[in-house]
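Remarks on the overall topology
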Amino acid sequence: MIGIPLVGFLVSLMVPEYKEKLLSRVAFFTAGFNLMSVLVFLVFWSIQGFQALNLKEFVLYRNDHFEFLVDFFFDRFGAVYVVIGALLTFLITFYSRYYLHRESGYKRFFNTVLFFYLGFNITVLAGNFETLFIGWEILGLSSFLLIAFYRENYLPTKNAIKVFSIYRIGDVGLILAMWASHHLWHENITFLKLNNSELVSEHLAGHSGIGLFIALMLLLAAAAKSAQFPFSSWLPRAMEGPTPSSAIFYGSLSVHLGVFLLLRTFPFWENQLIVRVLIGLIGLMTAVFSTMIARVQTSVKTQIGYASLTQIGIMFIEVAAGLEVLVLIHFAGNAFLRTYQLLVSPSIVSYLIREQFYGFVPRQFHNKTGIWNKLQISFYIWSLKEWNLDRLINRLIFNPLKRLGHRLDFLSYRTVLFYFVPSYLIGMGLLLIGYKIPQEVHRLLPPLFAFIALLMVLKSFSERKSARLSWTLLIMNHFWMVLAIAENEKFSAEEIAMYLSGVLVFGFSGLLIISRMKNSLGQKGLFEYQGYVSRHPMLAFGFLISSLGLMGFPLSPTFIGEDLLFSHIHQDQYLLAFLAALAFVMEGIASVRIFARLFLGAKLAGNKKEPAKPGILSFWKFSSIKKLANKTQIKTSF
């Protein structure tokens, strides 16, 4: 169930772009074989009595106090999600082979869908938080790539960054939940042990505070992933990608993973009444707001997206009530229904245009007065504006972080090298020689250095004048974070090497690419989306890999190093843990933003490629719909 999607993804990477039929067959047979293997496995699993299975695959890193292991777990929750995921991916790959015929990004689409399918299977079959986080990160990246599929356009690129940013904010919750659970259990806890109610009650008996903290962080991660209130506004922005990707991501599978996270961790928080009430309230608010928004939107995709959110909000209520079986049935029904609706939405739009042309009857306007009519109009306008949830998130989260970053606008590439680098070297030198500092001062150093690391990231996030400065600040963030943790607790040379090895390799490679672009292309700032991917696709791919490695994506040793780093933050150091988690998350947003500003967005002058010639049938459909739209004076974008 993991091996087949992995092999299919690797094979698809080696298929040339012009071989459309072979590409689609690789994706189609990968999903088909995996579906067959899942069904066969379910038969044998049923013979064994549907007992939960835990498989400890291998240990990636181990030392005296830390173990990073890849673990897989299969139970009824995983079975339902795996079966539905396999079936829907099978249908989507079959549909897409014709829908995307002769698209310039045909290969890129199927590569990304198979990459998403691999991440989805890792997530739902994960046996511990670390393994789940690997799949979680893959899903976030594949989501960004599919939303920005039409990468030569401004709006898809901007919305891809917005959605990725919300995903990363949710990652703060998951990272902090992993950190706190390590201190609660004193081990890398598996979900099999988490299902032991006696063990959970025993550990939570004297640690109710940290138990509540873990549950709230899991709720934050689940709400962001499933677009629950107040994060609901990212879902319609994610519909910028092709219709098949919208169906599989935001109609059926990815958007339900927040529900899956709550189901997977239900035995941990089921006896915490405050958490259950909060989950139910968030679900209720999402259901109410999404219902009103869906009823007034003019875009078919947006209507379907908010209708799906309404059902997911009800699923949150069902999870809070402990109705696990009902949640699984509800998930299956909603996933199939929204996939069907999104796949037929282009036909529905065409039908409605024709219907309006032949049978349009204008509604009679009646001027009504009274408080109820005013309330109805008010709710209508607020729903059209989607209750300004986008503005709320920007005002509460991103705008304060940008303002803090702009406080450092006096920094330049030269001042960073002449002031911050020497001060860092002095601090590291004092640490290595064992210089004694008063205990009262020494206690303040770890959060101070972590705050400096966060400032580096925020300045990079708000930087517009220099791509090289922005990238250098992201590299320096990691070094300041190492200094913060080394001051907090003994951080061995082996652990530092594990953490910084990925930073040095990927950071230096990204710096080389930026320097080459500056010298040969004259690229300087990040004021706009510059679209260099159309002229330099290999540079774009190399910089994307560098961005992922620097931010600690699972392809880099820094991914394990981040977990190592958090193992040296004590149980009562919530401020230090929060600063470290926020720095890592914002670094991911800043690095992807640099990539998008340099390589995505509007095409450069002279970079336009000759579009593929449409077939006779496609041309006839295009001409017919356009004529009908002109006759009815409907504004459409072609």
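Described in the following lines is the structure provided in the data block. One numbering rule holds for all chains: residues counted from 1, following each sequence as written. With pLDDT at 70 or above as the cut-off, local features in this predicted model cover only qualifying residues; side-chain atom pairs require 80 or more to be listed or tallied, and sums for whole chains, interfaces and linings still use all residues. Only hydrogens and water are set aside; all other atoms, that is, all heavy atoms of the structure, feed into the side-chain values.

**Let's talk about the overall build of the protein**
Note the threshold: Starting at the N terminus, helices and strands are each numbered in turn, a helix being any DSSP run of H or I of at least four residues and a strand any DSSP run of E of at least two. For a compact globule the rule gives 2.2 Å times the number of residues to the power 0.38, and the radius of gyration it is set against comes from C-alpha atoms. Classification of residues uses two cut-offs on accessible area relative to the type maximum, computed with a 1.4 Å probe and protein chains only: under 20% is buried, over 50% is exposed, and between them is partly exposed. Contact between two residues is taken to exist if any of their heavy atoms lie within 4.5 Å; hydrogens are not considered. To measure how exposed things are, a 1.4 Å probe is used in the Shrake-Rupley method; for residues, cover is taken only from the protein chains shown. His is not counted, nor are the chain ends; Lys and Arg add positive charge and Asp and Glu add negative charge. All charge positions are set by atom: Lys at NZ, Arg at CZ, Asp at CG, Glu at CD.
Looking only at helices and strands, the protein features 27 helices and 2 strands. Taking 2.2 N^0.38 as the reference for a compact globule, 638 residues should give roughly 26 Å; the C-alpha atoms of the protein span a radius of gyration of 25 Å, in line with that estimate. A principal-axis box enclosing the C-alpha atoms of the protein has dimensions of 85 × 65 × 60 Å. Sorting the 638 residues of the protein into buried and exposed places 55% on the buried side. In the protein, of all internal contacts separated by at least 6 residues, the share reaching a separation of at least 24 is 80%. With an accessible surface of roughly 29000 Å², the protein has 65% of that area assigned to carbon and sulfur atoms. For the protein, the centre of its 55 positive side-chain charges and the centre of its 35 negative side-chain charges are spaced 17 Å apart.

**Quick look at a nonpolar patch on the surface**
Here is the rule: Surface patches are defined over residues having more than 30% relative accessible area and no salt bridge, joining like charges when they lie within 9 Å and nonpolar side chains (Val, Leu, Ile, Met, Phe, Trp, Tyr) when within 5 Å. Salt bridge criterion: a side-chain nitrogen from Lys or Arg within 4 Å of a carboxyl oxygen from Asp or Glu.
On the surface, Leu 216, Leu 273, Ile 274, Val 277, Leu 278, Leu 281, Leu 284, Val 288 and Ile 317 cluster together to form a nonpolar patch covering roughly 760 Å² of accessible area. A per-element tally of the nonpolar patch places helix H14 (residues 273–294) first, with 7 residues. The residue Ile 274 is located in helix H14 in this model. Residue Ile 274 is classed as exposed on the basis of its relative accessible area, which comes to 56%.

**Notes on the packing of aromatic side chains**
To keep things clear, this is the line we draw: Aromatic pairing here means that ring centres of Phe, Tyr or Trp (its six-membered ring) are within 6.5 Å. Orientation follows from the plane angle: under 30 degrees is stacked, over 60 is edge-to-face, and everything else is tilted.
Applying the stated criterion across every chain yields a total of 38 aromatic pairs. When the ring of Phe 68 is compared with that of Phe 559, the centres are 5.9 Å apart and the planes differ by 75°; the resulting orientation is edge-to-face. In this pair, Phe 68 is assigned in strand S2 (residues 67–74) and Phe 559 in helix H25 (residues 558–566), connecting sequence segments 491 residues apart. Owing to a relative accessible area of 1%, Phe 68 belongs among the buried residues under this scheme.

**Considering helix H18 (residues 389–406)**
Under the convention used in this document: Multiplying one less than the number of residues by 1.5 Å gives the expected span of a helix. What the bend at a residue measures is the angle between two axes, fitted to the seven residues ending there and to the seven starting there.
Taking 1.5 Å of rise per residue, 18 residues should cover 26 Å, and H18 covers 24 Å from first to last C-alpha, within 8% of that figure. Largest kink in H18: about 45°, centred on Arg 395. Among the residues of H18, those classed as buried are Leu 389, Asp 390, Ile 393, Phe 398, Leu 401 and Gly 405. Along its buried surface, H18 packs onto helix H6 (154–185), helix H10 (234–237), helix H21 (445–462) and helix H26 (574–599).

**Focus on the nonpolar core**
For the record, the criterion: What is meant by a nonpolar core is a set of buried Ala, Val, Leu, Ile, Met, Phe, Trp, Tyr and Cys residues, joined one to another through side-chain atoms within 4.5 Å.
If you look at the biggest cluster of nonpolar residues, it comprises 205 residues, and the most contacted ones within it are Trp 234, Trp 480, Leu 565, Phe 566 and Phe 599. Among the elements that make up this core, the one with the highest residue count is H26 (18 residues). Excluding its chain neighbours within four sequence positions, the residues that come into contact with Trp 234 are Val 163, Ile 166, Tyr 167, Ala 224, Lys 225, Ser 226, Ala 227 and Tyr 250.

**A closer look at the pattern of salt bridges**
For the coordinates displayed, the defined rule picks out 10 salt bridges. Where Glu 324 meets Arg 76, a salt bridge forms, and the shortest distance between an N and an O atom there is 2.5 Å. Of this pair, Glu 324 sits in helix H16 (residues 324–359) while Arg 76 is found in helix H3 (residues 76–99), placing the two residues 248 residues apart along the sequence. Residue Asp 171 is joined to Arg 168 by a salt bridge in which the shortest nitrogen-to-oxygen separation is 3.5 Å. Residue Asp 171 and its partner Arg 168 are located together in helix H6, separated by 3 residues, close to a single helical turn. Grouping residues by exposure puts Asp 171 and Arg 168 together as buried. One network of salt bridges, with partners in common, ties together Lys 162, Arg 237, Glu 386 and Asp 390.

**Concerning the side chain of Lys 225**
Within the element layout of this structure, Lys 225 appears in helix H9 (residues 208–225). Salt bridges are absent for the buried Lys 225, whose nearest opposite-charge side chain, Asp 171, sits at 5.6 Å. The residues contacting Lys 225, other than those within four sequence positions of it, are Trp 136, Leu 139, Gly 140, Tyr 167, Trp 234, Ser 254, Val 255, Leu 257 and Gly 258.

**Here's the deal with the packing of H3 against H16**
This is how the line gets drawn: What counts as an axis is a line fitted to C-alpha atoms, over the stretch in contact for a helix, and the angles between N-to-C directions run from 0 to 180 degrees. Every angle not falling under 35 degrees, over 145, or within 65 to 115 is termed oblique; those three ranges are roughly parallel, roughly antiparallel and roughly perpendicular. Asp, Glu, Lys and Arg are counted as charged, while Ala, Val, Leu, Ile, Met, Phe, Trp, Tyr, Cys and Pro are counted as nonpolar; the rest, among them Gly, fall into the polar class.
Where H3 meets H16, the axes come as close as 11 Å, and the angle between the chain directions of the two elements is 5°. Taken as axis vectors, H3 and H16 run roughly parallel relative to one another. Facing Arg 76, Phe 77, Val 80, Tyr 81, Ile 84, Leu 87, Leu 88, Ile 92, Tyr 95 and Tyr 99 of H3, the residues of H16 in contact are Glu 324, Val 325, Leu 328, Phe 331, Ala 332, Ala 335, Phe 336, Thr 339, Leu 343 and Pro 346. In terms of residue class, the contact of H3 with H16 is made up of 17 nonpolar, 1 polar and 2 charged.

**So, the packing of H3 against helix H11 (residues 243–252)**
Condition: Should the near helix be turned anticlockwise from the far one by less than a right angle, the crossing is left-handed, and should it be turned clockwise, the crossing is right-handed.
Relative to each other, H3 and H11 sit at 160°, their axes nearing to 9 Å. Looking at the two axes, H3 sits roughly antiparallel to H11. Relative to H11, H3 is oriented so that their crossing is right-handed. Contacts between H3 and H11 involve Leu 88, Thr 89, Ile 92, Tyr 95, Ser 96 and Tyr 99 on the former and, on the latter, Thr 243, Pro 244, Ala 247, Ile 248 and Ser 252. Of the residues in the contact of H3 with H11, the class split is 7 nonpolar, 4 polar and no charged.

**Let's talk about the environment of Phe 260**
In this structure, Phe 260 sits in helix H12 (residues 257–264). For Phe 260 and Gly 78, which are 182 residues apart along the polypeptide, the C-alpha to C-alpha distance reads 8.7 Å. When sequence neighbours within four positions are dropped, the list of residues in contact with Phe 260 reads Phe 77, Gly 78, Tyr 81, Thr 123, Val 124 and Leu 132.

**Section: the side chain of Glu 386**
Definition in use: Pairs of N or O atoms within 3.5 Å make up the polar contacts considered here, provided that, within protein, one atom can donate a hydrogen while the other can accept it, and that residues adjacent in sequence are counted only when both atoms are side-chain atoms.
Structurally, the position occupied by Glu 386 is in the loop between helix H17 (371–384) and H18. On the basis of relative accessibility, which here comes to 11%, the residue Glu 386 falls in the buried class. Polar contacts involving the side chain of Glu 386 include one to the side chain of Tyr 306, which spans 2.4 Å.

**Considerations on unusual backbone geometry**
A negative phi angle characterises most non-glycine residues, just as the trans form characterises most peptide bonds. Geometrically, the link from Phe 229 to Pro 230 is a cis peptide bond, its omega value of 5° lying close to zero. The topology assignment puts Pro 230 in the loop between H9 and H10. If you check the backbone angles, Trp 387 has positive phi at about 55° while not being a glycine. Note that Trp 387 resides in the loop between H17 and H18. Despite not being glycine, Asn 388 has its phi angle at roughly 50°, a positive value. For Asn 388, the location among the structural elements is in the loop between H17 and H18. Overall, the relative accessible area of 22% leaves Asn 388 in the partly exposed class.

**Some details on the environment of Val 163**
The residue Val 163 is located in helix H6 in this model. For the pair Val 163 and Lys 459, spaced 296 residues apart in the sequence, the C-alpha separation amounts to 21 Å. Once residues within four sequence positions are removed from consideration, Val 163 is found in contact with Ser 143, Ile 147, Trp 234, Arg 237 and Ala 238.

**Notes on the pairing of strand S1 (residues 53–62)**
Here is the rule: When DSSP locates at least two bridges between a pair of strands, those strands are taken to pair.
Strand direction decides the pairing type here: S1 and S2, joined by 8 bridges, are antiparallel. Its bridge partner lying in S2, Arg 62 is registered against Glu 67. Hairpin connection of S1 to S2: 4 residues between the antiparallel strands.

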